[in-house]
Amino acid sequence: MAGTTTKTVAVTGNQAVAEALRQLNPDVMPAYPITPSTGIMESFTKFVSDGKVDTETILVESEHSAMSACIGAAAAGGRVATATSSQGMALMWEMLHIASGYRLPILMALVNRALSAPLNIHGDHSDGMGMRDCSWIQLFCENAQEAYDNTIMAYRIAEHKDVRLPIAVNMDGFIISHSIESMQFITDEDVKKFAGDYIAMDPLLDIDHPKSIGALVLPDYYMEHKRVQHEAMINAKKVVSDVSAEFAKMTGRKYELFESYRLEDAEVVLVALNSAAGTIKDEVDRYREKGVKAGLLKPRLFRPFPYEEVGAALKNAKAVCVMDRADSYGGYGPMFMEIASAVYPHRGPVLFNKIYGLGGRDLMPLDVDQVIEETAEVAKTGKAKMMKEYITVRN
Amino acid sequence: MKQMNWKELPHAGTVLKAGNANEYKTGSWRSYKPRWIEENCIQCLFCWIYCPDSSVTVKDEKMTGFDYDHCKGCGICAMECPGKKGNKAIVMEEEGK
């Protein structure tokens with residue numbers, strides 16, 4: 001570990017993110033606790049009660065109000081965070097666009113959970129995919145360590161002068177949020193140095209310079225405003241790489257825009273986000289031992305999506321199975337659509353789509369084996385039997 | 001006026017200059033305009049208090065008329081005007097007549 005001392009601990013994903021937030025010490029944290037993200041606020045409000053942070057928590061009457069309070073506090077000039085899941089994020093949805101349109105670098109810990117109905121509290125990516133078009137930077141995390149590390153990096157990315165956009169750090173509900181894992185914390189001092197001081201842009205509390213935000217913009221200017229937002233998003237890609245490189249120098253833990261696992265010479269490739277990637281890595285190893293050139297691409301940065309880099313990483317594969325833990329009913333899964341766009345210029349591998357794990361349904365090693373075997377078969381024949389299929393569903 | 005391109009916009013579309021709404025003339029939205037009848041005016045300044053658009057002009061604590069660049073003709077001033085002996089000091093008249 002270069003230049004830092006770390007502490008090995010055994011904590012849940014929620015505790016890991018709460019610890020990162022304690023170390024980041026935001027000015028304001030408005031939230032309306034919801035399963036499975038509740039543990040973050042449970043731990044964090046204890047830090048507040050114990051005087052471990054300077055944060056003002058605002059316990060509001062709904063998630064719509066939580067995000068509204070985040071926007072108000074961030075526009076005033078504060079460093080702001082919140083935590084939510086599922087229906088909570090869905091209720092915030094209207095305000096998510098306001099946060100990004102005002103270019104406020106708010107941090108959201110999003111503990112991924114299925115959307116109702118039917119009512120379900122378990123992990124899938126329906127909430128995260130639902131905020132795809134809200135102009136929030138989206139990072140996805142395989143385990144508690146990644147959730148902690150990405151949270152530590154989040155403000156540096158969101159607050160960068162070329163970016164100034166809100167950011168959501170995603171981890172799987174229950175599978176990660178409630179499981180205890182061994183991981184490493186960075187020291188308070190190093191986090192403080194890494195995160196740096198926050199310099200707000202045009203804060204409303206600068207009363208010597210009165211200003212107005214959120215003015216009405218008509219057809220003659222609206223598109224220009226939206227074009228700027230896209231540019232800021234595109235800029236975020238380089239900033240994520242730069243901040244991750246700096247983080248690696250501090251901790252030794254390297255993060256790319258996506259993780260390539262035994263991908264370099266892989267012919268049979270799976271793509272999956274978050275915790276499922278852990279199971280898939282084990283099975284990729286097993287199939288490598290059997291002589292199958294299997295590999296995994298695990299996206300980390302979902303918005304902005306690194307199309308060129310992903311396309312280049314997949315172009316030499318023979319078959320790619322994109323696994324989605326969310327669905328677009330009547331369409332392909334959201335990750336499949338991104339991968340197809342990334343691969344399109346290369347006339348590369350045969351692509352197909354599996355929907356798995358909705359509402360927290362387990363993805364077992366044997367399920368992954370079936371997918372790897374089918375992908376190997378597709379690599380041989382050059383033809384996908386079914387473009388989109390639900391796996392582990394009772395037929 | 002030359003319109004800004006997307007690279008020239010102020011960050012987040014924030015309006016950094018205070019009070020510039022005054023430069024945006026909205027008087028043309030009006031279909032009825034208030035007329036001041038000075039001899040019926042008791043200088044109570046109800047019109048000035050009630051005007052939602054700060055379009056009643058006052059000098060030395062006396063009502064002096066209307067800012068027709070911003071008055072939208074809502075008629076609240078005429079409604080609230082107590083006048084003198086039953087005669088209103090503000091009446092609404094159709095524009096262009």
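As the structure is a computational prediction, the values presented were derived from the model and not from experiment.

## What to know about the packing of helix H3 (residues 63-76) of chain A against helix H4 (residues 86-101) of chain A
Residue and element names in this part refer to chain A.
Link 1 in the chain: Here H3 crosses H4 at 25 degrees, and the two axes come no closer than 7 Å. Relative to H4, the element H3 is oriented roughly parallel. For the crossing formed where H3 meets H4, the hand is right-handed. Along the contact surface, H3 presents Glu63, His64, Ala66, Met67, Ser68, Cys70 and Ile71, while H4 presents Gly88, Leu91, Met92, Glu94, Met95, Leu96, Ile98 and Ala99.
Link 2 in the chain: Along the lines of polarity and charge, the residues of the contact of H3 with H4 split into ten nonpolar, three polar and two charged.

## As for the domain arrangement of chain A
Residue and element names in this part refer to chain A.
Link 1 in the chain: Annotation of chain A at the domain level lists domain 1 (6-186 + 212-251) and domain 2 (258-390).
Link 2 in the chain: The centre of domain 1, based on its C-alpha atoms, is set 27 Å off from the matching centre of domain 2.
Link 3 in the chain: Looking at the side of domain 1 that touches domain 2, the elements with two or more residues in it are helix H5 (126-130), strand E6 (137-140), strand E7 (167-172) and helix H8 (222-251).
Link 4 in the chain: Element by element, the count of residues in the side of domain 1 that touches domain 2 is highest for H8, at five residues.
Link 5 in the chain: Of the residues contributing to the side of domain 1 that touches domain 2, the split by class is 15 nonpolar, eight polar and five charged.

## Here's the deal with the confidence of the model for chain B
Link 1 in the chain: Across chain B, pLDDT averages 95, with 100% of residues at or above 70.
Link 2 in the chain: Prediction confidence for the complex, expressed as pTM and ipTM, is 0.92 and 0.87 respectively.

## Things to note about the nonpolar core
Link 1 in the chain: Counting 126 residues, the largest nonpolar core has Cys70, Ile157, Ile167, Leu270, Val271, Val320 and Ile339 of chain A as the members making the most contacts within it.
Link 2 in the chain: For this core, the element with the most residues is helix H6 (residues 144-158) of chain A, which contributes nine residues.
Link 3 in the chain: Each of domain 1 (6-186 + 212-251) and domain 2 (258-390) of chain A accounts for three or more of the residues forming this core.
Link 4 in the chain: Ignoring any residue separated from it by four or fewer positions in sequence, one finds valine 320 of chain A in contact with Val269, Val271, Leu314, Ile339, Pro349 and Leu351 of chain A.
Link 5 in the chain: Grouped together as the second largest cluster of nonpolar side chains are eleven residues, Val56, Phe66, Cys71 and Ile90 of chain B included.

## With respect to the sheet that holds strand E15 (residues 388-390) of chain A
Residue and element names in this part refer to chain A.
Link 1 in the chain: Reading across from one edge, E9-E11-E10-E13-E14-E15 is the order of the six strands in this open sheet, with mixed pairing throughout. Each having just a single partner strand, strand E9 (258-261) and E15 make up the two edges of the open sheet. Put simply, the sheet's adjacent strands are angled 20 degrees from each other on average, direction ignored.
Link 2 in the chain: As judged from the four bridges shared by strand E10 (residues 268-271) and strand E11 (residues 294-299), these two strands associate in the parallel manner. Within E11, the residue paired with leucine 270 across the bridge is leucine 296.
Link 3 in the chain: Along the sheet face, helix H9 (residues 276-289) touches E9, E10, E11 and strand E13 (319-324) and points at about 165 degrees away from the line of E11.
Link 4 in the chain: Strands E10, E13 and strand E14 (350-355) of the sheet are contacted by helix H11 (residues 334-343), whose axis makes an angle of about 150 degrees with E13.

## Some remarks on the interface of chain A and chain B
Link 1 in the chain: Counting from both sides, the interface comprises 15 residues of chain A and, opposite them, twelve residues of chain B.
Link 2 in the chain: Of the residues that constitute the side of chain A that touches chain B, the class distribution is seven nonpolar, two polar and six charged.

## As for helix H10 (residues 307-314) of chain A
All names here are of chain A.
Link 1 in the chain: For H10, every residue scored as buried is listed here: Val310, Ala313 and Leu314. Looking down the long axis of H10, one finds its buried residues gathered within 90 degrees of arc, a one-sided arrangement.
Link 2 in the chain: Those residues of H10 that are buried lie in contact with E9, E10, E11, E13 and H11.

## Regarding the sheet that holds strand E12 (residues 301-303) of chain A
All names here are of chain A.
Link 1 in the chain: Taken in spatial order, the five strands make up an open sheet running E4-E5-E7-E6-E12, and their pairing is mixed. In the strand order of this sheet, the two ends are held by strand E4 (81-84) and E12, each with one partner. The average undirected angle you get between the axes of adjacent strands in this sheet is 20 degrees.
Link 2 in the chain: Contacting strand E5 (107-112), E6 and E7, H6 crosses the sheet at an angle of about 170 degrees to E7.

## Quick word on H6 of chain A
Because each turn of an α-helix spans 3.6 residues, side chains separated by three or four positions in sequence point in the same direction.
Residues and elements named next belong to chain A.
Link 1 in the chain: In this model H6 runs 21 Å from its N-terminal to its C-terminal C-alpha over 15 residues, within 8% of the 21 Å that 1.5 Å per residue would give.
Link 2 in the chain: For H6, the principal kink sits at isoleucine 152 and spans about 30 degrees.
Link 3 in the chain: A large share of H6 lies buried, amounting to 15 of its 15 residues.

## Concerning unusual backbone geometry
Residue and element names in this part refer to chain A.
Link 1 in the chain: Cis geometry is adopted by the peptide bond preceding proline 36, which originates at threonine 35 and carries an omega value of 0 degrees.
Link 2 in the chain: As for its position among the elements, proline 36 is in the loop between strand E2 (28-31) and helix H2 (38-49).
Link 3 in the chain: Residue proline 118 is reached from alanine 117 by a cis peptide bond, and omega for that bond is -5 degrees.
Link 4 in the chain: Within the secondary structure, proline 118 is located in the loop between E5 and H5.
Link 5 in the chain: With a phi angle near 65 degrees, phenylalanine 174 is a residue other than glycine that sits in the positive phi range.
Link 6 in the chain: Tracing the backbone shows phenylalanine 174 in the loop between E7 and strand E8 (180-186).
Link 7 in the chain: In this structure, asparagine 274 takes a positive phi of about 55 degrees despite not being glycine.
Link 8 in the chain: Tracing the backbone shows asparagine 274 in the loop between E10 and H9.

Procedures and definitions
Residues numbered from 1 in each chain as written. Chains lettered and ligands numbered in written order. Predicted model: local features only at pLDDT ≥ 70, side-chain atom pairs only at ≥ 80, totals over all residues. Axes fitted to C-alpha atoms, helices over the stretch in contact; angles between N-to-C directions. Helix = DSSP H or I, 4+ residues; strand = E, 2+ residues; numbered from the N terminus. Parallel < 35°, antiparallel > 145°, perpendicular 65-115°, else oblique. Left-handed = near helix turned anticlockwise from the far one by under 90°. Contact = placed C-beta atoms within 7 Å. Nonpolar A, V, L, I, M, F, W, Y, C, P; charged D, E, K, R; others polar. Domains from an automatic or database assignment. pLDDT = per-residue confidence, 0-100. Core = buried A, V, L, I, M, F, W, Y, C linked by C-beta atoms within 7 Å. Buried ≥ 20, exposed ≤ 12 C-beta atoms within 10 Å, placed from the backbone. Pairing = 2+ DSSP bridges. Arc of directions from axis to C-beta. Expected span 1.5 Å × (residues − 1). Bend = angle between axes of the 7 residues up to and from the residue.

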